[in-house]
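One-letter residues, chain by chain:
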Amino acid sequence: MQNITDIIEAYLKQILHDEKTIEIKRQEIAQRFDCVPSQINYVINTRFTVEKGYFVESKRGGGGYIRIQKIVVLDSHDLLDEVSSWIGDHLTEQAAEDYLIRLMNEQLLTRREAILIQSLLQKESLPMAVEDQHRMRAHLMRTLLQTMKRL
């Protein structure tokens, strides 16, 4: 059985399948799914991130809204460049996994390739201080993306 977070995510993604951008009211979605508004925040903050291919903008207050926009990239080189620029100098293990899933969803990596790369980027494969792991993971991921552009 799916939990409420998965159900809300699926609902929003279904709407985004037909539209490039959606604008929702947190309270309305919470009422629709009979949950607290903070549950909607959780879904938005964890399931609709830049790493996963979304831009989110919100405005608080009475006329407030949450706007979710699917990032559309015209070709694979553009996507690889964009991901590389988003990574910066630090990359957490979760963000790396999200980027790999995005590359897999865009059919730039197979599932097998993504799993192999993920195993190299996990904390157990980087025996160093956490900050050094973040820097090394970012460096490795950017190197991977540059290599993918040349293939």
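Residues numbered from 1 in each chain as written. Predicted model: local features only at pLDDT ≥ 70, side-chain atom pairs only at ≥ 80, totals over all residues. Heavy atoms only, no water.

Going by what an unreviewed UniProt entry lists, the protein chain is known as Transcriptional regulator CtsR and is assigned to Exiguobacterium indicum. Quoted verbatim from the Sequence similarities (unreviewed entry) field of the UniProt record, the comment on the protein chain reads "Belongs to the CtsR family." (UniProt positions renumbered as here; feature names shortened; annotations may be inferred.)

Caption draft 1: Structural context of the UniProt feature "domain: CtsR C-terminal dimerization" (unreviewed entry) in the protein chain. Per the UniProt record, the feature "domain: CtsR C-terminal dimerization" (unreviewed entry) sits at residues 76-146. For residues 76-146, the helix share is 75%, the strand share is 0%, and the end-to-end C-alpha distance is 12 Å. (Helix = DSSP H or I, 4+ residues; strand = E, 2+ residues; numbered from the N terminus.)

Caption draft 2: Region of the structure containing the sheet that holds strand 3 (residues 65-70). If you trace the 3 strands from one edge of the open sheet to the other, you get 1-3-2, paired in antiparallel fashion. Both outer strands of the open sheet, strand 1 (21-24) and strand 2 (54-59), are each paired with one neighbouring strand and no more. Neighbour-to-neighbour, the strand axes of the sheet open up by a mean angle of 15°, direction not taken into account. In terms of strand pairing, strand 2 meets strand 3 through 6 bridges, oriented antiparallel. Bridge pairing in strand 3 places Tyr54 opposite Lys70. Packing against the sheet, helix 1 (residues 4-18) makes contact with strand 1, strand 2 and strand 3, and its axis sits at approximately 135° to strand 1. This element, helix 3 (residues 37-47), spans strand 1, strand 2 and strand 3 of the sheet and lies at about 25° to strand 3. (Pairing = 2+ DSSP bridges. Axes fitted to C-alpha atoms, helices over the stretch in contact; angles between N-to-C directions. Contact = heavy atoms within 4.5 Å.)

Caption draft 3: Spatial organisation of the layout of surface pockets. Roughly 280 Å³ of volume is contained in the largest pocket. If you go around the largest pocket, you meet 15 residues; those closest to its centre are Arg26, Asn41, Ser58, Arg60 and Ile66. Residue assignment for the lining of the largest pocket shows that the elements contributing at least two residues are helix 2 (26-32), helix 3, strand 2 and strand 3. A per-class count over the lining of the largest pocket returns 4 nonpolar, 7 polar and 4 charged. (1 Å grid on protein atoms, 1.4 Å probe; cavity = no way out; pocket = protein on both sides within 12 Å on 5 of 7 lines; lining within 4 Å. Points joined across faces, edges and corners; volume = space filled by probe spheres on them. Nonpolar A, V, L, I, M, F, W, Y, C, P; charged D, E, K, R; others polar.)

Caption draft 4: The arrangement of the packing of aromatic side chains in detail. With the rule as written, the count across this model stands at 3 aromatic pairs. Here the basic side chain of Lys70 rests over the ring of Tyr54, its NZ or CZ set 5.0 Å away from the ring centre. (Phe/Tyr/Trp six-rings, centres within 6.5 Å; stacked < 30°, edge-to-face > 60°. Lys NZ or Arg CZ within 6 Å of the ring centre and 35° of its normal.)

Caption draft 5: View of the nonpolar core. Residues Ile87, Leu91, Leu100, Leu103, Leu109, Met141 and Leu145 are the most contacted members of the largest nonpolar core, which totals 18 residues. When contributions to this core are tallied by element, the ones reaching two or more residues are helix 4 (76-87), helix 5 (93-105), helix 6 (111-121) and helix 7 (130-150). For this core, the element with the most residues is helix 5, which contributes 5 residues. The contact partners of Met141, leaving out residues within four places of it in the chain, are Ile87, Leu91, Ala96, Tyr99, Leu100 and Leu121. With 16 residues, the next largest nonpolar core counts Leu12, Ile22, Ala30 and Phe48 among its residues. (Core = buried A, V, L, I, M, F, W, Y, C linked by side-chain atoms within 4.5 Å. Buried < 20%, exposed > 50% of the residue type's maximum accessible area, 1.4 Å probe, protein only.)

Caption draft 6: Molecular detail of the environment of Gln94. Positionally, Gln94 belongs in helix 5. Within polar-contact distance, the side chain of Gln94 engages the side chain of Asp98 at 2.9 Å. (Polar contact = N/O pair within 3.5 Å; in protein donor to acceptor, adjacent residues only side chain to side chain.)

Caption draft 7: Fine view of the pattern of salt bridges. Applying the stated criterion to the full structure yields 10 salt bridges. A salt bridge links Glu131 to Arg135; its shortest N-O distance comes to 4.0 Å. With a gap of 4 residues between them, Glu131 and Arg135 both fall in helix 7, about one helical turn apart. Judged by its relative accessible area of 42%, Glu131 falls in the partly exposed class. Residue Arg135 is classed as partly exposed on the basis of its relative accessible area of 38%. (Salt bridge = Lys/Arg side-chain N within 4 Å of Asp/Glu carboxyl O.)

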